[in-house]
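# Coordinate analysis (summary)
What follows is each chain in one-letter form.
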Amino acid sequence: EDLDQRRNAVAQAFHALVRPSMMSESCDYNGEQDEDGPTSPVEERRRKWVIFANYIKAFTRSAYFDYVSIALVVLNSLVLGAQVDYQARLMVRHSPTLFRVCEIIF
């Protein structure tokens, strides 16, 4: 419940910056509509964007994001080390296609 309250506060602050009159409207951004009825397509897109931005913010602040980031950095360094080793041992200028694909991915 605390996370929902923080999400709601962030969403309302964002809308206050985008459109100051938004603070007077009551919307909890949890997928529920107000008694005022349906919103315009622009307001609906803005509401969905705020919800999406809140999920992204929660993900980037989670430990899972840290673990994934560390794993990608370690994996990239291993691939780079293997590529350098391959080129040094065989004295070739160009890498095989697999290493090129890994370069593009990372």
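Everything discussed here concerns the structure shown above.
Below or above, wherever it landed, is the structure these notes cover. Numbering of residues begins from 1 in every chain and follows the order in which that chain's sequence is written. For a predicted model such as this one, the threshold for reporting local features is a pLDDT of at least 70, and the threshold for listing and counting side-chain atom pairs is 80 or more; totals across whole chains, interfaces and linings nevertheless cover every residue. Side-chain metrics rest on all non-hydrogen atoms present in the structure, leaving aside hydrogens and water.

## Brief notes about unusual backbone geometry
Phi at Met-91 takes a positive value of approximately 55 degrees, unusual for a residue other than glycine. For helices the rule is a DSSP run of H or I covering at least 4 residues; for strands it is a run of E covering at least 2, with both sets numbered from the N terminus onward. When you line up the elements, Met-91 lands in the loop between helix 3 (63-90) and helix 4 (97-105).

## Points about the side chain of Glu-43
Structurally, the position occupied by Glu-43 is in helix 2 (residues 41-60). Each residue's exposure class comes from its accessible area (1.4 Å probe, protein chains only) as a fraction of the maximum for that residue type: buried when under 20%, exposed when over 50%, partly exposed otherwise. Given the relative accessible area of 14%, Glu-43 is considered buried. Separated by 3.2 Å, the side chains of Glu-43 and Arg-46 make a polar contact. Whenever a nitrogen or oxygen atom comes within 3.5 Å of another N or O atom, the pair is scored as a polar contact, on the condition that within protein one atom can donate a hydrogen and the other can accept it, and that pairs from neighbouring residues in sequence are kept only if both atoms are in side chains.

## So, the packing of aromatic side chains
Aromatic pairs are defined between Phe, Tyr and Trp rings, using the six-membered ring for Trp, whenever the two ring centres lie within 6.5 Å; interplanar angles under 30 degrees are classed as stacked, those over 60 as edge-to-face, and all others as tilted. What the rule picks out here adds up to four aromatic pairs. Here the aromatic rings of Trp-49 and Phe-52 are separated by 5.6 Å at their centres, their planes lie at 40 degrees, and the arrangement is tilted. Residue Trp-49 and its partner Phe-52 are located together in helix 2, separated by three residues, close to a single helical turn. With a centroid separation of 5.9 Å and 45 degrees between ring planes, the pair formed by Tyr-86 and Phe-99 is classed as tilted. Separated by 13 residues along the polypeptide, Tyr-86 in helix 3 and Phe-99 in helix 4 bring together distant segments of the chain. Assessed through its relative accessible area of 31%, Tyr-86 is described here as partly exposed. Among the residues examined, Phe-99 registers a relative accessible area of 13% and is labelled buried. One aromatic cluster in this structure is built from Phe-59, Tyr-64 and Phe-65.

## Focus on helix 3
In this model, helix 3 (28 residues) spans 41 Å end to end at C-alpha, consistent with the 40 Å of a helix rising 1.5 Å per residue. Note on helix 3: the residue one or two positions beyond its end, Met-91, has a positive phi of about 55 degrees. Helix span, expected: 1.5 Å multiplied by one less than the number of residues in the helix.

## Let's talk about the packing of helix 3 against helix 4
Each axis is a line fitted through C-alpha atoms, taken for helices only over the stretch in contact, and angles between the N-to-C directions span 0 to 180 degrees. Closest axis-to-axis distance for the helix 3/helix 4 pair is 11 Å, and the angle between their directions is 145 degrees. Relative to helix 4, the crossing made by helix 3 is left-handed. Packed against helix 3, whose contacting residues are Val-79, Ala-82, Gln-83 and Tyr-86, the element helix 4 presents Phe-99, Cys-102 and Glu-103 at the interface. Classifying every residue of the contact of helix 3 with helix 4 gives five nonpolar, one polar and one charged. Crossing handedness follows the turn of the near helix against the far one: under a right angle anticlockwise gives a left-handed crossing, and clockwise gives a right-handed one. Note on definitions: a residue-residue contact is assigned when non-hydrogen atoms from the two residues lie within 4.5 Å. We call Asp, Glu, Lys and Arg charged. Ala, Val, Leu, Ile, Met, Phe, Trp, Tyr, Cys and Pro are nonpolar, and the rest, Gly among them, are polar.

## Quick look at the environment of Tyr-55
By the secondary structure assignment, Tyr-55 is in helix 2. Tyr-55 gets classed as partly exposed once you look at its relative accessible area, which sits at 49%. Along the sequence, Tyr-55 and Arg-7 sit 48 residues apart, while their C-alpha atoms lie 8.9 Å from each other.

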